[in-house]
Amino acid sequence: IAHEGLYRTIDGGKNWARVFSGDVRAVAVDPKDGKTVYVGTEPVHLYTSRDQGDHWEEVHALLQLPENVKKKWWFPRPPHHGHVRHIFIDPKNREVIYLALEHGGIVRTLDGGKNWQDISHGIDYLDIHFVTDFPDDPSLFFASTARGFYRSCDPDGGWERAENGLSKQFCYNIVFFAGTPTVMLVATGDGSPAYW
């Protein structure tokens, strides 16, 4: 069954056991604490486990965002629910977490999930696939979307397009290769998957 949950292996992939039931769309492990895991789902919900997936609790404050923010959480195909596409935990401060919502924008907490803000200003089409900082400059952030690639030195203040040289607008995952300078790869495509 598609999207039925999160599975875990403790023997290198020989055996698997489901540790979370639901339509899981994103998973992230706390970079400072390997026992802490976050799961994002469709519809938009966020859950966390402090014991590598044995027990889970919902981060309820995410759903306390204003209605004018949550009404953007949709998806063009039935059942039209937006979902958490990517979870970025700040490696410098585990209390800071960014969620890329497909569709819905970018939301962030600065206090481990107690309070959330929408920080999507400047992105005109809120189908967000990936959000991350830049390893060489943690004050610089990038966001990939279904209709463009963005950067920001101040996500509170908004995002600007950063597409000089890109030939495709549909941007998906971002990968970094360490080196001098650091190399960034962005997966792109023509239109949305429906056109492929």
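Below, the structure is looked at part by part. No experiment lies behind these values; they were computed from the predicted model shown. (Residues numbered from 1 in each chain as written. Predicted model: local features only at pLDDT ≥ 70, side-chain atom pairs only at ≥ 80, totals over all residues. Heavy atoms only, no water.)

**As for the sheet that holds strand β9 (residues 105-109)**
The criterion, for reference: For two strands to be treated as a pair, DSSP must find at least two bridges joining them. For helices the rule is a DSSP run of H or I covering at least 4 residues; for strands it is a run of E covering at least 2, with both sets numbered from the N terminus onward.
Taken together, the 4 strands give an open sheet; going across it, the order is β7-β8-β9-β10, and neighbouring strands pair in antiparallel fashion. The open sheet has two edge strands with one neighbour each: β7 (83-89) and β10 (117-118). When β7 meets strand β8 (residues 97-102), the two strands line up antiparallel, connected through 6 bridges. The partner of His83 across the bridge, within β8, is Glu102.

**Here's the deal with the side chain of Ser152**
For clarity, the cut-off: For the exposure calls, accessible area comes from a 1.4 Å probe over protein chains only, and a residue counts as buried if that area is under 20% of its type's maximum, exposed if over 50%, partly exposed in between. Definition of a polar contact: a pair of N or O atoms within 3.5 Å, with one able to donate and the other able to accept a hydrogen when the atoms are protein atoms, and with sequence-neighbouring residues admitted only if both atoms are side-chain atoms. Here, two residues are considered to be in contact whenever any of their heavy atoms come within 4.5 Å of each other.
Note that Ser152 resides in strand β13 (residues 148-152). Accessibility expressed as a relative area gives 3% for Ser152, which makes it buried. A polar contact is formed between the side chain of Ser152 and the backbone nitrogen of Asp154, at a distance of 2.9 Å. Reaching out from Ser152, the side chain makes a polar contact with the backbone oxygen of Gly158 at a distance of 2.7 Å. If sequence neighbours within four positions are ignored, Ser152 has contacts with Ser139, Leu140, Phe141, Gly158 and Trp159.

**Quick notes on the sheet that holds strand β5 (residues 45-49)**
Pairing is antiparallel across the open sheet formed by 4 strands, whose spatial order is β3-β4-β5-β6. Looking at strand neighbours, the two that pair on one side only are β3 (24-29) and β6 (57-58), the edges of this open sheet. Sheet topology places β5 next to β6; 2 bridges connect them, and they run antiparallel. Bridge pairing in β6 links Tyr47 to Glu58.

**Considering the packing of aromatic side chains**
The following threshold applies: For Phe, Tyr and Trp, rings pair up if their centres lie within 6.5 Å, where Trp contributes its six-membered ring, and each pair is then called stacked (planes under 30 degrees apart), edge-to-face (over 60) or tilted (otherwise). Placement of a positive charge over a ring is assigned whenever Lys NZ or Arg CZ falls within 6 Å of the ring centre and within 35 degrees of the normal to the ring plane.
Applying the stated criterion across every chain, the model contains 8 aromatic pairs. Ring centres of Phe88 and Tyr98 lie 6.0 Å apart, and the angle between their planes is 50 degrees; on these two criteria the pair is classed as tilted. One end of the pair, Phe88, is in strand β7; the other, Tyr98, is in strand β8, and 10 residues separate them in sequence. Relative accessible area serves as the criterion here: at 10%, Phe88 is assigned to the buried category. The exposure class of Tyr98 is buried, given its relative accessible area of 3%. Note on Phe134 and Phe142: the rings are 6.0 Å apart at their centroids and 80 degrees apart in plane angle, and the pair reads as edge-to-face. Of the two residues, Phe134 and Phe142, both sit in the buried class. Members of the aromatic cluster, connected to one another through ring pairs, are Phe134, Phe142, Phe149 and Phe176. The residue whose ring lies beneath Arg147 is Tyr125, and the NZ or CZ to ring-centre distance is 3.6 Å.

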